[in-house]
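Remarks on the overall topology
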Amino acid sequence: MNSLKPFLILLALAFVMPWLVLIVYPSAKLKSIVTEVAYAKEDDTKDAVFPSGRPYLVSGARVYASNGCAYCHTQMIRPTYAGADRWRSGWSGREEDGLARETLPFDYVGEKYAYLGVQRNGPDLSNVGHRIQDAKWHYDHLYNPRKVVAGSIMPAFANLFTTQPVVGQVSELAVDVVDRGGSRYEVVPTGDAKALVGYLLGMKKDQKVPKSVAAK
Amino acid sequence: MTTDTLPAVDDVHLRARIDRSLRFPLLFFFTSAAGWLCLSSLLGFVSALTLNVPELFDGLPYLQYGRLYPIHLNALVYGWAMQAGFGVALWLMARLSRNVLRNPVTLVVAGHVWNLVVSVGLLSILFGWGTSMPWLDFHKGICPVLLISYISIVIWIVGMFASRSEKSAFVSQLYILASVFWFPWIYLTANGFIHQDGGAAVMKSAVNSWYISNMIYMVLAPIALGASYYIVPKVTGRPVFSYALANIGFWSLVLFTGWTGMSRYMGGPIPAWLPTVGGAASIFLLIPALAVVYNQVKTMEGKLAWANYSPALRFAFFGSIAFLVGVALNVMISTLPVGKTLQLTQAQGGIDLVAIYGFFTMTMFGAIYFIVPRIVGCEWPNGQMIRFHFWFSAYGVGAIAAFMIFAGLAQGHVIANYTEEFITAVERGKPYLAALAIGWFLIGLSNLSFIAQLGLMVIRRGRRDDEGPTLIHKKPEDYFTHELVTEKAAQA
C-alpha cells in the first residue's frame, strides 16, 4: 500500500457498504412505513390511535434527556425470543384488553429520538402511562423517590421543584410544606416537572397495531 | 524495524529533530488528556457511589447519576481517549514517515480549541443541555466545532504521511489513517441522522449504538493497535513476526467493524436483521483480535519476560490481551442466549470498559511511557510508581469490568424471572455497584501517580543519569537500551 489514494479508496469502499446497508437504507424504509401509517389513519378503525399527538411529547422528552433518565430507564419491550419483558406485569401494556405486546417502530412516531435506553437500573417506562395514572404520585416520586418506592436508587430531582409561600390553601400539587421563620412555604413542581410528568403519563406504547402495518 | 545494531548517526539526528518538533504539542495533549482522565476517574467513582447512596447529593441540584455518568463517560472518551490518541498518533506518524512537524504552534492552538469544546460540552451536560444519547451527549451545537477542531488536528497527521520520503507504509500508519478517516464520517453520520428533523426515531437510537461500536473499534482501537505494532518490535528489538498477518488483522478490522454495533438492541423496535448483522459482524472481529495477539506473542517469543521490565511493553501487551478479551465478551453479549439476559443491564458498560480502558487506555499508557522520555530528554522518575500505576490500573479495570458484568447477571436474572418484583433486581445489583466504586477509586489512585510523574517529566525533572530507561524492575543483563542511549547522546 504505497500511496494514499488507492488506500483511501479501499478504505472508503469498506466503510460505505455498512453505512448504506445499516443506516441509509433502513432509515429511508422505516421513514416511509411511518409516513404511510400516518397517511392510512383514516382507513383504520378508531382503535388505531397514534401517540404522535400526545401532549408534552417533545417538551417532556427534553426534560427526560436533560436529567439523563435514559441512562437508567429503557423504553423498549423486547419480543419473547429476546427476554421476558413481555411477561412482566404492567410492562408491555394493557394485558386485560389483550393489547400487551413488544414495542414497534411506529410507537415512537412524533418523537425526535427514541430513548430506547442502555440499562435498567430502574424499570422500563414504555407503558408507565398505564401503570401509574396519578400525576401526584409522579411528583412525590420525583421529589423523594424513597418515600414512594422503598429501596429505590433513583436520585431526588429537587431541581424540578421550587419553593413558594403558601397563599391561602396549600396547592394541590405541593409535594412538601415547610415552616420557615413563622411563614409556610410549599414545594411545587416547576414547568419542567409538569412537562416530564405529562410525558410519563402519556407513555403508552401498546396501541393496536394498525391494519396497514399488520399487513406487512 | 529496529535490529539489535546501533542506528546510523543521521538517523539518530533526524529522530531527535522530529521529537523536538513534537515536544510542545505532545506534552500539551498528554497532560490535558491525563487531567481529563483524573476527572473521569473521580466521576466514575462518584457516579458509582450515587447508585448506592442515591441521597448523596440531595442538597446539590444537577449532581445526579443521570448527569454525572454521562460527564464521566464523555470526559473519558473526548477528554482523555481522543487526546491521548492525538498525541500518540502524531508521534508515530512523524517517526514512521520520518517527517518533522512543521507547525507545532497551530497544533497547540487546535488542541486548546478541542479542550475548550470538550469543557463546554461537559458543562452543557451538567446544566441540562445534554442529549442523553450515549457518547453523543454534548449539546448539538457543539458537534460542528468539535469536528472542525478534530480536522485541524489530524490534518497534520495526514500531511506528514502524504509528504513522507519513503514510499512504503508500515501497518501502524495504515491504522492511524483509517482512524482519522473514519471519525469524521461516523461523527457526521451520527449527528446528522440524529439531529435531523423527522426520520424514524428508532433508527436514531440504532445509529447511536452503531456509533459507539465504531468509536471503540474503528477510531480508538486502530490507534492503540498502531502503537502496539510499533512498541513491541521496538522494545524487543525484533521485526514484526508476520507482516502478512498484520495486514490481515488490519483489513479484517476495517471490513467488519462498520457492520457492528446494532446488536446492542437485540429485540428492539428496529428491523430484526440489524442486530443480527451486528452480532455476526462482532464475531468476525475475533479475526483482527487474534491476529494481533498472535503476532505480538510471536514477536516477543523468548523475550516475553521483558514485559516485566519495560513499562511500554507491559502496558501494551496487557492492552492487546484486553482487546481479545473485550472482543470475545462483545461476541458473547451479542448472541441471543447471553444477550437476552445481559443486554440492558450494567454488563454492556462493563464490556465496553474492557475495550476503552483495559485495551485502549492501557496501550496509551504504554505508548506515553515510551514516547515522553524521547521528547523531553530525561527518564521517568520512578519505576516503582510505574509498577504501582500498572497494578492499580489493571486490578481496577479488571474489578470494574467483572463487577459490572456480575451486576448485569444479577439484574438480568431477576428481570428474566418475570414474577419477581423489579426492585429485587435493584437490590441484587447493589453490592456489585458498591464494588464498582472501589474499582474506580483504585483507578483514580493509579492515575494520580501517573499524572504526578507526567508533571515531573513536563518540567523536565526526570532522571538524568546513565542508567538507561526507567524500568519496572531492575533490568536483566541482555536488556536492549542502545537506541535510547544514543538518541540522548545526540540530543545532548
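Conventions and cut-offs
- Residues numbered from 1 in each chain as written.
- Chains lettered and ligands numbered in written order.
- Predicted model: local features only at pLDDT ≥ 70, side-chain atom pairs only at ≥ 80, totals over all residues.
- Heavy atoms only, no water.
- Pairing = 2+ DSSP bridges.
- Helix = DSSP H or I, 4+ residues; strand = E, 2+ residues; numbered from the N terminus.
- Axes fitted to C-alpha atoms, helices over the stretch in contact; angles between N-to-C directions.
- Contact = heavy atoms within 4.5 Å.
- Buried area = accessible area lost by both parts, 1.4 Å probe.
- Salt bridge = Lys/Arg side-chain N within 4 Å of Asp/Glu carboxyl O.
- pLDDT = per-residue confidence, 0-100.
- Parallel < 35°, antiparallel > 145°, perpendicular 65-115°, else oblique.
- Nonpolar A, V, L, I, M, F, W, Y, C, P; charged D, E, K, R; others polar.
- Expected span 1.5 Å × (residues − 1).
- Buried < 20%, exposed > 50% of the residue type's maximum accessible area, 1.4 Å probe, protein only.
- 1 Å grid on protein atoms, 1.4 Å probe; cavity = no way out; pocket = protein on both sides within 12 Å on 5 of 7 lines; lining within 4 Å.
- Points joined across faces, edges and corners; volume = space filled by probe spheres on them.

**Describing the sheet that holds strand β2 (residues 176–180) of chain A**
Residue and element names in this part refer to chain A. On the basis of which strands lie adjacent, the open sheet formed by three strands has the order β1-β3-β2 and antiparallel pairing. For this open sheet the edge positions go to β1 (161–165) and β2, each flanked by a neighbour on one side alone. Across this sheet, the average inter-strand angle for adjacent strands is 30°, counted without regard to direction. As paired strands, β2 and strand β3 (residues 183–189) are joined by five bridges and run antiparallel to one another. Note that in β3 the partner of V177 across the bridge is E186. Across the sheet, helix α4 (residues 135–143) touches β1, β2 and β3, and the angle it forms with β1 is around 100°.

**Focus on the interface of chain A and chain B**
Contact residues are listed per partner, giving 76 residues for chain A and 86 residues for chain B. Summed over both partners, the interface of chain A with chain B buries about 6,800 Å², with 68% contributed by carbon and sulfur atoms. In this structure, the connection of chain A to chain B is made through one salt bridge. E55 of chain B is the salt-bridge partner of R146 of chain A, the closest N and O atoms lying 3.5 Å from each other.

**Side note on unusual backbone geometry**
Residues and elements named next belong to chain B. Positive phi, normally seen in glycine, also occurs at Y62, with a value near 80°. Within the fold, Y62 resides in the loop between α1 (9–52) and α2 (65–97). Located in the positive-phi region is W135, a residue other than glycine, with phi close to 70°. For W135, the position within the fold is in the loop between α3 (104–126) and α4 (142–162).

**Comments concerning the confidence of the model for chain A**
Across chain A, pLDDT averages 87, with 87% of residues at or above 70. Predicted confidence for residues 43–49 of chain A stays below pLDDT 50, and this span has nine contacts to residues more than four positions away or in other chains.

**Quick word on the packing of helix α5 (residues 171–195) of chain B against helix α7 (residues 243–257) of chain B**
Each packed pair of helices is defined by two parameters, the angle between the axes and the distance between the axes. Residue and element names in this part refer to chain B. α7 packs onto α5 with a crossing angle of 5° between their chain directions and a minimal axis gap of 10 Å. Classified by the angle between their axes, α5 and α7 sit roughly parallel to one another. Touching V171, L174, Y175 and A178 of α5 are Y243, A246, N247, G249, F250, L253 and V254, all from α7. Grouping the amino acids of the contact of α5 with α7 by side-chain chemistry returns nine nonpolar, two polar and no charged.

**Comments concerning α5 of chain B**
Taking 1.5 Å of rise per residue, the 25 residues of α5 of chain B would be expected to cover 36 Å, and the 36 Å separating its terminal C-alpha atoms lies within 8% of that figure. Of all 25 residues in α5 of chain B, 21 are buried, a share of seventy percent or more.

**Considerations on the pattern of salt bridges**
This structure, assessed with the given rule, holds 16 salt bridges over all chains. Linking D19 of chain B and R95 of chain B is a salt bridge whose minimum nitrogen-to-oxygen distance equals 2.9 Å. Taken together, the positions of D19 of chain B in helix α1 and R95 of chain B in helix α2 put the pair 76 residues apart, joining distant regions of the chain. Overall, D19 of chain B belongs to the buried group, its relative accessible area being 0%. A salt bridge links R463 of chain B to D465 of chain B, with the nearest nitrogen and oxygen atoms 2.9 Å apart. We classify R463 of chain B as buried; its relative accessible area is 18%. The network of salt bridges with common partners includes R78, D85, R120 and D124 of chain A.

**Points about empty space enclosed by the protein**
Summed over the entire model, instances satisfying the criterion amount to 10 cavities of 30 Å³ or more. The volume enclosed by the largest cavity comes to roughly 420 Å³. Lining the largest cavity are 32 residues; nearest its centre among them are V118 of chain A together with Y69, Q348, G349 and D352 of chain B. The element contributing the most residues to the lining of the largest cavity is helix α12 (residues 347–376) of chain B, with five residues. Across the lining of the largest cavity, the residue classes tally to 18 nonpolar, 12 polar and two charged.

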